[in-house]
Amino acid sequence: MIISDKEFGEVIVRKSAWVTNPKFSVSTSGRLAMSVPAHTSEFLAKRWLNASRKQIRDKLPINDPATQRARDAQKKILSKKARDYLPYRLEFWAQKYGYQYSGLRLSHANTRWGSRSSTGTISLNIGLMKVPEALRDYVIIHELAHINHMDHSDAFWAEVAAHDPHYKRHRKLLKQYSPGV
Ligand SMILES: [Zn+2]
């Protein structure tokens, strides 16, 4: 359930069987999130929100509604750029080095640039569209190398090095960026 609030913008309300008292936190998008007991009505959730307003304001870094909207807009732009670019770039490197993958999933996780599932699907974060091309290519090559090596063994890194000789530098530079939008 989403509550629209004048001060906090869109408030995400999550119902949980495990919660007895309302708990407030910040969602990855900078929105206020509220965990409430199952069967909580919208009316009651709003009442709790009002009662905790000062405490939330003092303790939680909630984005104001304008910032929430700006972030949504940025995410939309990055998603579009990612859709237009990443499938082709992945295919380019896969063909060049003879890798087979079963599909590409675009993700917007906050902590990971990419991953490879056991079924051969590669996930790439839309946040890659914010980083320089060499670092983006490093992530793609890293995930493709996981097709042959599921771990981060020496053999895995040797394969990455064969396709991206500067991977150590790229890996280090990538740490200056955050995948989250
Ligand atoms: Zn890895």
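This is a predicted model, so every value here is computed, not measured.

### Here's the deal with the overall build of the protein chain
Helices and strands together make up the secondary structure of the protein chain, namely six helices and seven strands. Its helices and strands in sequence order give the protein chain the pattern β-β-β-β-α-α-α-β-β-β-α-α-α, from N to C terminus. Relative to the 2.2 N^0.38 estimate, which gives 16 Å for 181 residues, the radius of gyration of the protein chain is 21 Å and therefore markedly larger than a compact globule would have. With the C-alpha coordinates of the protein chain rotated into their principal frame, the extents come out at 60 × 30 × 25 Å.

### Overview of the sheet that holds strand β5 (residues 103–107)
Taken in spatial order, the three strands line up as β5-β7-β6 in an open sheet, and their pairing is mixed. This sheet does not close on itself; its edge strands, each paired only once, are β5 and β6 (114–116). Within this sheet the neighbouring strands show an average axis-to-axis angle of 15°, counted without direction. The pairing of β6 with strand β7 (residues 121–125) spans three bridges and is antiparallel. Residue pairing across strands places R116 opposite I122, the latter belonging to β7. Here helix α3 (residues 65–97) sits on the sheet in contact with β5 and β7, set at roughly 150° to β5. Taken strand by strand, helix α4 (residues 133–145) contacts β6 and β7, and its axis lies near 15° from that of β6.

### Considerations on the packing of α3 against α4
Running from N to C, α3 and α4 point in directions that differ by 55°, and their axes come no closer than 10 Å. In terms of orientation, α3 and α4 fall into the oblique class. Between α3 and α4 the crossing geometry is right-handed. Taken together, the residues of α4 that come into contact with α3 (itself represented by R89, L90, W93, A94 and Y97) are D137, I140, I141 and L144. Among the residues making up the contact of α3 with α4, the classes are represented as seven nonpolar, no polar and two charged.

### A look at the nonpolar core
Soluble globular proteins tend to pack their nonpolar side chains together in the buried interior. Grouped together as the largest cluster of nonpolar side chains are 20 residues, with contacts concentrated most on L124, L128, V139, I140 and I141. Contributing elements (two or more residues each) for this core: α3, β7 and α4. The element best represented in this core is α4, accounting for seven residues. Apart from residues lying up to four places away in sequence, L124 is in contact with L86, L90, L104, L106, S107, G114, V139 and I140. In this structure, V11, M34, V36 and I62 belong to the second largest nonpolar core, which totals seven residues.

### Notes on the environment of Y101
Turning to its location among the elements, Y101 is positioned in the loop between α3 and β5. Under the C-beta neighbour-count criterion, Y101 is labelled partly exposed, with 18 such atoms within 10 Å. Look past the residues within four positions of Y101 in its chain and what remains in contact with it is A94, G120, I122 and I147.

### A short note on the packing of α4 against helix α6 (residues 167–174)
Between α4 and α6, the least distance of the axes is 9 Å, while the angle of their chain directions is 105°. By the criterion of interaxial angle, the relationship of α4 to α6 is roughly perpendicular. In contact with A134, L135 and Y138 of α4, α6 contributes Y167, H170, R171, L173 and L174.

### So, the domain arrangement of the protein chain
Interface size is often expressed as the accessible area that is lost when the parts come together. Domain parsing of the protein chain yields domain 1 (2–63) and domain 2 (76–174). The gap between the C-alpha centroids of domain 1 and domain 2 is 36 Å.

### Section: α3
Between its terminal C-alpha atoms α3 stretches 46 Å, which fits the 48 Å expected from 33 residues at 1.5 Å a residue. Listed in full, the buried residues belonging to α3 are A82, L86 and L90. Buried residues along α3 sit in contact with β5, β7 and α4. Two residues or fewer after α3 comes G98, characterised by a positive phi angle close to 70°.

Reading guide: rules and limits
Residues numbered from 1 in each chain as written. Predicted model: local features only at pLDDT ≥ 70, side-chain atom pairs only at ≥ 80, totals over all residues. Helix = DSSP H or I, 4+ residues; strand = E, 2+ residues; numbered from the N terminus. Rg over C-alpha atoms; globule rule 2.2 N^0.38 Å. Pairing = 2+ DSSP bridges. Axes fitted to C-alpha atoms, helices over the stretch in contact; angles between N-to-C directions. Contact = placed C-beta atoms within 7 Å. Parallel < 35°, antiparallel > 145°, perpendicular 65-115°, else oblique. Left-handed = near helix turned anticlockwise from the far one by under 90°. Nonpolar A, V, L, I, M, F, W, Y, C, P; charged D, E, K, R; others polar. Core = buried A, V, L, I, M, F, W, Y, C linked by C-beta atoms within 7 Å. Buried ≥ 20, exposed ≤ 12 C-beta atoms within 10 Å, placed from the backbone. Domains from an automatic or database assignment. Expected span 1.5 Å × (residues − 1).

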